[in-house]
Amino acid sequence: MYNFRNDYSEACHPAVLEALTKMNAESVIGYGCDDYCKQCADLIRDLCKAPHADVQFLVGGTQTNFTAIAAFLRPWESVICAHTAHVNGHEAGAVEATGHKLLQAQAAGDGKLTPAHILPLVEEGKNEHVTKPRLVYISDATETGAVYTRAELAALSQCCRDNDLLLFLDGARLGCALSSPASDLTLPDLAALTDAFYIGGTKNGAMMGEALVIVNPALQDDFFRMKKQQGAVLAKGWLLGVQFYTLLKDGLYFTIAGHAVEVAQRLQSGLKELGIPMMVDSPTNQIFPVFPDRLLPELGKLCTYEVWSKADDTHTNVRFVTSFATPAESVEGILSGLKPLL
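Residues numbered from 1 in each chain as written. Predicted model: local features only at pLDDT ≥ 70, side-chain atom pairs only at ≥ 80, totals over all residues. Heavy atoms only, no water.

## Description of the overall build of the chain
Rules: Comment: elements are numbered from the N terminus, with helices defined as DSSP H or I runs of at least four residues and strands as E runs of at least two. Throughout, the radius of gyration refers to the C-alpha atoms, and the reference size of a globule is 2.2 Å times the residue count to the power 0.38. Relative accessibility decides the category of a residue: with a 1.4 Å probe and only protein chains considered, values under 20% of the type maximum give buried, values over 50% give exposed, and everything between is partly exposed. The criterion used for residue contact is that any of the two residues' heavy atoms lie within 4.5 Å. Throughout, the Shrake-Rupley method with a 1.4 Å probe supplies accessible areas, and for residues the shown protein chains are the sole cover considered. Charge assignment: positive for Lys and Arg, negative for Asp and Glu; neither His nor the chain ends contribute. To locate a charge, take NZ of a lysine, CZ of an arginine, CG of an aspartate or CD of a glutamate.
The secondary structure content of the chain amounts to 14 helices and 13 strands. For a compact globule of 342 residues, the expected C-alpha radius of gyration is about 20 Å, and the chain comes in at 20 Å, within 12% of that figure. Principal-axis analysis of the C-alpha atoms places the extent of the chain at approximately 60 × 55 × 35 Å. Within the chain, the proportion of its 342 residues that are buried is 56%. Long-range pairs, those at least 24 residues apart, make up 72% of the contacts in the chain between residues at least 6 apart in sequence. Only carbon and sulfur atoms are counted for the fraction: they give 53% of the accessible area of the chain, which is about 14600 Å². Averaging the locations of the 27 positively and 39 negatively charged side chains of the chain gives two centres separated by 2 Å.

Shown next, in the form of structure tokens:
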């Protein structure tokens, strides 16, 4: 059985587990006030070339999204996002539960937003009887594995600044996005072009955790209080600092993300060679093959995967996801197993 269900099925990269084991017997101050978190925050500021950024550690992506949005917005302000955005389709109304409406833009199949998606919603928001758009939410990579280029992000950033909008980037899969051959973005680019973004750990080698980088000074004051109010402060906060420091200090974070992308791209090209089309072409670690429904029972015997959507009456879009722990042999194994079935 080959595992392609998601990129957080394994606990963590061995180097992370080793680092946690080494400090396991220490008695450490809690709530992220420890030296491990401080050292890691300094490292992240250095990597981002953002010396004045505030770095906050949280446990998961959904928690980071709704906590950040709740902290950044006033009660009458709303969020512009793609209709396929994670905050809209996979978080059970978490953002709305904090009191902020999601304004959905009908994005293309790649899930990326452009100024053309944003400006009509800004215009509608000038009516004082509706919520005021104040924040644009994007993710890199998107829900369908697409990545933003530097030019695309710069255009979005300028549009947001011209229209008094904050730009917030969900980086749950940022490692694979920045490691993709299709990306020319860097951490310093993100710090320069967004108001806040996060470096995802849960889906790239950490046991759990996201590192939120708040670049805009106007958004930094009292963030910890909002984090506490939303139940997002981990008492054993040092566990997050240790993990991120281990992943980031020598580039391991991007090395393992690059591996996940590489094996996913080999799988995508191999499936195409077998005549299996893609719902979209993804340059990251998520791929979306279209299988005849008749093959799904046999596919389930070969590997784990997720059903994504119906393609038509007789075909289904499925999602395969690779991770730091996906062996290249798994890719060749599933391709060999599928070949006689087609």
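Moving on, there is more to tell.
## Overview of the pairing of strand E7 (residues 196-200)
Selection criterion: In short, DSSP must find at least two bridges between two strands for them to pair.
Burial analysis of E7 places 5 of its 5 residues in the buried class, the great majority of the element. Going residue by residue along E7, you find Ala196, Tyr198 and Gly200 tucked away on one face and Phe197 and Ile199 tucked away on the opposite face as well. Sheet topology note: the strand E6 (residues 166-170)/E7 ladder contains 2 bridges and is parallel. Looking at E7, one finds that Leu169 is bridged to Phe197. In this sheet, strand E8 (residues 210-214) lies alongside E7 in antiparallel orientation, the contact comprising 5 bridges. Counted as the bridge partner of Ala196 is Ile214 from E8.

## Quick look at the pairing of strand E5 (residues 132-139)
Judged by how many residues are buried, E5 sits mostly within the fold: 7 of 8 residues are covered. Where E5 meets E6, 5 bridges bridge the pair, whose relative direction is parallel. Looking across to E6, one finds that Ile138 is bridged to Leu169.

## Some remarks on unusual backbone geometry
Omega for the bond connecting Asp140 with Ala141 falls within 30 degrees of zero, at 5°, which places this linkage in the cis form. For Ala141, the location among the structural elements is in the loop between E5 and helix H7 (150-162). Here the phi dihedral of Asp164 falls at roughly 55°; this positive angle occurs in a residue that is not glycine. Unusually for a residue other than glycine, Asp222 sits at a positive phi of about 65°. On the secondary structure map, Asp222 appears in the loop between E8 and helix H10 (223-229).

Everything listed here is a matter of coordinates, which is why it stays silent on function.
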